[in-house]
Amino acid sequence: MIEFLNAYKGISREVWLISAVQFINRVGSMVIFFLAVYLREQLSFSLEQVGVLMSIFGLGSLAGVYIGGKLVDRVGFYPVMLVSLLLGGTLFFIVAELRSFTALCVGLPALTILAEGFRPAGHVAVIHFSNQENYTRSTSLYRLAINLGFSIGPALGGIIASVDYGGAFIVTGK
């Protein structure tokens, strides 16, 4: 543990906070890993419909990163991060209530566009709060937070989904 802390010594408090928020954000993305199962088993969509919804989800994610990056250039990283977290989290609660294919065709991309806007904003914030001496370590910490979140999220999501698939959406929204 001491070696870990020494490796990241000298990184600004802001980078640690942004990394912590991104860790929590990525743990909360647990619903992604069970979305196809949820759509198929809970909502009884056909494999074709699940494929379409998952594709729309992925396209929304790509669009969210692109739009988020453009917005960061225009308004800065902080407003994009704030809106992404607040509205993205809110949309998880809304999407948890959607049951029709058409509603999910609208709700899923809206969710991912908002939620994924955080990624470019977070990267820009890490750059902003780093200096030449700690940039690589700051970026490393941020990526570590993302990867750890994506490692822990599916395990937690599996436990929650075994009780209630919809519960994964609710926990993710919080």
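Please refer to the structure higher up on the page.
Residues numbered from 1 in each chain as written. Predicted model: local features only at pLDDT ≥ 70, side-chain atom pairs only at ≥ 80, totals over all residues. Heavy atoms only, no water.

What follows concerns the overall build of the chain. Across its full length, the chain carries nine helices and zero strands. Secondary structure elements of the chain occur, N-terminal to C-terminal, as α-α-α-α-α-α-α-α-α. A compact globule built from 174 residues should have a C-alpha radius of gyration of about 16 Å, and the chain, at 17 Å, falls within 12% of that. Seen through its principal axes, the chain has C-alpha atoms that stretch 55 × 40 × 25 Å. Looking at the chain as a whole, 41% of its 174 residues are labelled buried. Contacts spanning at least 24 positions in sequence make up 79% of the contacts within the chain whose residues lie at least 6 apart. Approximately 9400 Å² of the chain is accessible, and the part contributed by carbon and sulfur atoms is 67%. Once the 11 positive and 9 negative side-chain charges of the chain are each reduced to a mean point, those two points are 4 Å apart. (Helix = DSSP H or I, 4+ residues; strand = E, 2+ residues; numbered from the N terminus. Rg over C-alpha atoms; globule rule 2.2 N^0.38 Å. Buried < 20%, exposed > 50% of the residue type's maximum accessible area, 1.4 Å probe, protein only. Contact = heavy atoms within 4.5 Å. Areas by Shrake-Rupley, 256 points an atom, 1.4 Å probe, with all protein chains shown as cover. Lys, Arg positive; Asp, Glu negative; His and termini not counted. Charge placed at Lys NZ, Arg CZ, Asp CG, Glu CD.)

Let us look at the side chain of T112. Here T112 shows up in helix α6 (residues 101–116). What makes T112 buried here is its relative accessible area of 3%. Residues within four places of T112 in sequence aside, it is in contact with F57, G60, S61 and G64.

Another point: the environment of L111. Mapped onto the elements of the fold, L111 is located in helix α6. Residue classification places L111 among the buried residues on the basis of a relative accessible area of 1%. For the pair formed by L111 and G64, sequence separation is 47 residues and the distance between their alpha carbons is 9.0 Å. Once you skip the residues sitting within four places of it in the chain, L111 turns out to touch G88, L91, F92 and V95.

For the rest of this paragraph, the subject is the nonpolar core. Ranked by internal contacts, the top residues of the largest apolar core, which has 18 residues, are L39, F45, L104 and L108. Where this core is concerned, the elements lending two or more residues are α3 (31–42), α4 (47–75), α5 (77–95) and α6. With four residues, the top contributor of residues to this core is α3. If near-sequence neighbours (up to four positions away) are discounted, L104 is found in contact with L39, L43, F45, L53, V95, L98 and P109. (Core = buried A, V, L, I, M, F, W, Y, C linked by side-chain atoms within 4.5 Å.)

The subject of this paragraph is the packing of α3 against α4. For any two helices packed against each other, one specifies the inter-axial angle together with the distance between the axes. Running from amino to carboxyl end, α3 crosses α4 at an angle of 150°, the nearest separation of the two axes being 9 Å. One finds that α3 runs roughly antiparallel with respect to α4. When you trace α3 past α4, the crossing you get is right-handed. Note on element contacts: α4 touches α3 through L47, V50, L53, M54 and F57, opposite I32, L35, A36, L39 and R40. For the contact of α3 with α4, a count of residues per class yields nine nonpolar, no polar and one charged. (Axes fitted to C-alpha atoms, helices over the stretch in contact; angles between N-to-C directions. Parallel < 35°, antiparallel > 145°, perpendicular 65-115°, else oblique. Left-handed = near helix turned anticlockwise from the far one by under 90°. Nonpolar A, V, L, I, M, F, W, Y, C, P; charged D, E, K, R; others polar.)

Attention now goes to the pattern of salt bridges. Evaluated as defined, the whole model comprises two salt bridges. A salt bridge links E116 to R26; the nearest nitrogen and oxygen atoms lie 3.3 Å apart. Placement of E116 in helix α6 and of R26 in helix α2 (residues 13–27) is noted, with a sequence separation of 90 residues between them. R26 carries the same exposure label as E116, and that label is buried. Here the residues in one salt-bridge network are R26, E116 and R119, joined through shared partners. (Salt bridge = Lys/Arg side-chain N within 4 Å of Asp/Glu carboxyl O.)

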